[in-house]
Amino acid sequence: MDIFSELGELALGSRLRRLSDYIMQQGVEIYQNHRIDFDPKWFPVYYLLSTNDHLSITEIANQLGVSHPAVIKNAKELEKIGYIESVQDKDDKRRRLVSLSADGRKLLPKIQVVWKDIAGSISELIQAQEEHLLKAILEIEQGFREERFTARVRKFRDARMLQAIEIVAYKPAYGSYFKAFNYAWIERYFSVEPIDIEVLEQHQKKIIKPGGCILFAKIEGTIVGTCA
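Everything numeric here is computed off the predicted structure, so don't read it as measured data.

How each quantity is defined
- Residues numbered from 1 in each chain as written.
- Predicted model: local features only at pLDDT ≥ 70, side-chain atom pairs only at ≥ 80, totals over all residues.
- Heavy atoms only, no water.
- Core = buried A, V, L, I, M, F, W, Y, C linked by side-chain atoms within 4.5 Å.
- Buried < 20%, exposed > 50% of the residue type's maximum accessible area, 1.4 Å probe, protein only.
- Helix = DSSP H or I, 4+ residues; strand = E, 2+ residues; numbered from the N terminus.
- Axes fitted to C-alpha atoms, helices over the stretch in contact; angles between N-to-C directions.
- Parallel < 35°, antiparallel > 145°, perpendicular 65-115°, else oblique.
- Contact = heavy atoms within 4.5 Å.
- Nonpolar A, V, L, I, M, F, W, Y, C, P; charged D, E, K, R; others polar.
- Left-handed = near helix turned anticlockwise from the far one by under 90°.

Participant: Tell me about the nonpolar core, and name the residues and values.
Facilitator: One finds Phe38, Tyr46, Leu49, Ile60 and Ile111 to be the most contacted residues of the largest nonpolar core, which totals 24 residues. Of all the elements in the fold, those that place two or more residues in this core are helix H3 (43-50), helix H4 (57-64), helix H5 (68-81), strand E3 (96-100) and helix H6 (102-127). At five residues, H6 tops the list of elements feeding residues into this core. Judged by nonpolar contacts, the second largest core, of eleven residues, contains Ile186, Ile207, Ile214 and Phe216.

Participant: I'd love a proper account of the packing of H3 against H4, names of residues and values included.
Facilitator: Viewed as axis vectors pointing N to C, H3 and H4 meet at an angle of 110°, and their least axial separation amounts to 11 Å. The orientation of H3 relative to H4 falls into the category roughly perpendicular. Contact residues: Pro44, Val45, Leu48 and Leu49 in H3; Ile60, Gln63 and Leu64 in H4. Partitioning the contact of H3 with H4 into residue classes produces six nonpolar, one polar and no charged.

Participant: Tell me about the packing of helix H9 (residues 175-189) against helix H10 (residues 194-201), residues and numbers included.
Facilitator: H10 packs onto H9 with a crossing angle of 160° between their chain directions and a minimal axis gap of 10 Å. The angle between H9 and H10 places the two elements in the roughly antiparallel class. The chirality of how H9 crosses H10 is right-handed. Every residue of H10 that contacts H9 at Phe178, Lys179, Asn182, Tyr183 and Ile186 is listed here: Asp196, Ile197, Leu200 and Glu201. Among the residues forming the contact of H9 with H10, the class breakdown is five nonpolar, one polar and three charged.

Participant: Please give an account of unusual backbone geometry that cites residues and values.
Facilitator: Notably, Arg35 is not glycine yet its phi reads approximately 55°, a positive angle. On the basis of relative accessible area, Arg35 is assigned to the exposed category, the value being 76%. With a phi angle near 50°, Glu220 is a residue other than glycine that sits in the positive phi range. Topologically, Glu220 is positioned in the loop between strand E5 (215-219) and strand E6 (222-227). Exposure remark for Glu220: the relative accessible area of 80% places this residue in the exposed category.

Pasting the structure below:
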């Protein structure tokens, strides 16, 4: 049994990570078969530098849409193996620019051939599917750009909680909630005045008997809000 399949949408991130891990692991083997010392995780940074003379870490992070630390980590590993080099920016001494080294550029024609094979094989796999995976991923990414994941989850949470809220009428047993909640917000934002004390302590006389109404919000049996 595949637990990710059973979990469906809830495991989307984990499932994509598992698929990514599989492709990355196989990618290592593919490069090894071509006697190329290259880790697939370096691909985005290396490829971007292959199409630019030089870039700063910030520029790379922005273009790839990944974190600063992730770019720095990959850049250090690429520099250590000798595929890229970094120099101080002449116009801004605080900034370092990175570019492909001589060895990095020497590797490019050889590795580009492997990229064609990888792209072709994945394209063949995707085209065989009923739905186009890359198109779906692109649409999901666009959706997250339009509205952050945290905001989407919060929206669903709010909707779920609204559905769970039960509005109930006043009962004498709820009187203590009415007083406690109102005292809490008045003390937080204003100050309790004699009129407040009079109305809250005699709410039945001051609100209900003249024809007013006090309502309560209840979630799973617990009173969580009130208005009058």
